[in-house]
Every structure is written in structure tokens, then in C-alpha cells.
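So you can see what is in the structure, the chains are spelled out below.
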Amino acid sequence: YLFNEDNLARRTDQIATGFKHQLVKDYNSMPHGVDEEFFTRRDKGLFRYIVKMLHYVLLDMDMENEDLLNKLMDWYYGDSPIAHYLWPFGYLVNRGGLIEEIAKLY
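Residues numbered from 1 in each chain as written. Predicted model: local features only at pLDDT ≥ 70, side-chain atom pairs only at ≥ 80, totals over all residues. Heavy atoms only, no water.

A.B. asks: How should I be thinking about the overall build of the protein in this particular structure?
C.D. replies: Along its length, the protein carries eight helices and zero strands. The contacts in the protein between residues at least 6 apart in sequence include a share of 45% that link residues at least 24 apart. Total accessible area on the protein is roughly 7300 Å²; 57% of this is exposed by carbon and sulfur atoms. (Helix = DSSP H or I, 4+ residues; strand = E, 2+ residues; numbered from the N terminus. Contact = heavy atoms within 4.5 Å. Areas by Shrake-Rupley, 256 points an atom, 1.4 Å probe, with all protein chains shown as cover.)

Here it is in C-alpha cells:
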């Protein structure tokens, strides 16, 4: 159910192609060694591309919607999302409100 004709079409459509072109631009303009900006920044580079591409191709989400994209980036970026579930860190890193917002997106 996850992969269907719509997913395959979106994977190569104009929007997905635009994401790929932006990834190439980011790669060419950012340092891309181990632990450098291309791999670590959330506002551009590989991480942003992965979030945009997966949510667009698989779930047909509007990744041009900056509010939606920022919520997803807040949820997936860094180590703190998993810390919410690990005792005792969950008490220190309470992301309950964001979890509810993310659940509504899906």
C-alpha cells in the first residue's frame, strides 16, 4: 500500500525534480565532508531534502508549506525526539505538544 502508481509518478515529477536540483545546489555550495554543513544543517542540505522528498513522494504532503515543513523538521532533526521516550530524559525533553501536532499532520 505504501508504493503505488501515484508514488512512482511523484518521484519523477516537476516538484521532486526541483527538490533534487536544490540538493545538487546545496551540495555544490556547502562544505560536505564528514560532519560538515551539508549533512548537519536543517535549513538546507541533505536532511531537508530527505524530509521533503519522503513526505512528498510517499504521503503527497505539500512540502512548499513552510509551516508544515518546519513542524516536520522540528520533529525529526537532532537527538531530542528520541530522548522524549527515554527515561529520565523524557521529563527534561517534553515534546508532547509537538507529538500531537505531528500526529494531526499524518
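There is more to say after this.
A.B. asks: Would you mind going over the packing of aromatic side chains with me for this structure?
C.D. replies: Geometrically, a pair of aromatic rings is defined through the distance of the ring centres and the angle of the planes. Evaluated as defined, the whole model comprises three aromatic pairs. With centroids separated by 5.1 Å and ring planes inclined at 85°, the aromatic side chains of Tyr-27 and Phe-38 adopt a geometry described as edge-to-face. Linking Tyr-27 in helix α2 (residues 14–29) with Phe-38 in helix α3 (residues 37–40), this pair joins segments that are eleven residues apart in sequence. Among the residues examined, Phe-38 registers a relative accessible area of 4% and is labelled buried. Ring centres 5.0 Å apart and planes at 85° place the aromatic pair Phe-38 and Phe-39 in the edge-to-face group. Residue classification places Phe-39 among the partly exposed positions, given a relative accessible area of 40%. (Phe/Tyr/Trp six-rings, centres within 6.5 Å; stacked < 30°, edge-to-face > 60°. Buried < 20%, exposed > 50% of the residue type's maximum accessible area, 1.4 Å probe, protein only.)

A.B. asks: What's the story with helix α4 (residues 46–59) in this structure? I'm lost.
C.D. replies: The periodicity of an α-helix, 3.6 residues per turn, causes residues three or four places apart in sequence to face the same way. For α4, built from 14 residues, the straight-helix expectation of 20 Å at 1.5 Å per residue is met to within 8% by its first-to-last C-alpha distance of 19 Å. Within the span of α4, buried status applies to Phe-47, Arg-48, Tyr-49, Val-51, Lys-52, Met-53, His-55, Tyr-56 and Val-57. The elements touched by buried residues of α4 are α1 (5–11), α2 and α5 (66–76). In the stretch just after α4, Asp-60 is the one whose phi turns positive, near 55°. (Expected span 1.5 Å × (residues − 1).)

A.B. asks: Please explain the packing of α2 against α4 as it appears in this structure.
C.D. replies: Packed helices, taken two at a time, are described by the angle between their axes plus the distance between the axes. One can describe the packing of α2 onto α4 by two numbers: an axis separation of 10 Å at closest approach and a directional angle of 170°. Overall, the two elements α2 and α4 adopt an arrangement that is roughly antiparallel. Residues Ile-15, Ala-16, Phe-19, Lys-20 and Leu-23 of α2 form the contact with α4, whose own contacting residues are Leu-46, Tyr-49, Lys-52, Met-53 and Tyr-56. (Axes fitted to C-alpha atoms, helices over the stretch in contact; angles between N-to-C directions. Parallel < 35°, antiparallel > 145°, perpendicular 65-115°, else oblique.)

A.B. asks: Is there a simple way to explain the pattern of salt bridges in this structure?
C.D. replies: Close approach of charged atoms allows side chains with opposite charge to pair. Scanning the entire structure with this criterion turns up six salt bridges. The salt bridge involving Asp-60 is made with Arg-10; its shortest N-O contact spans 3.9 Å. Of this pair, Asp-60 sits in the loop between α4 and α5 while Arg-10 sits in helix α1, and the two are 50 residues apart along the sequence. (Salt bridge = Lys/Arg side-chain N within 4 Å of Asp/Glu carboxyl O.)

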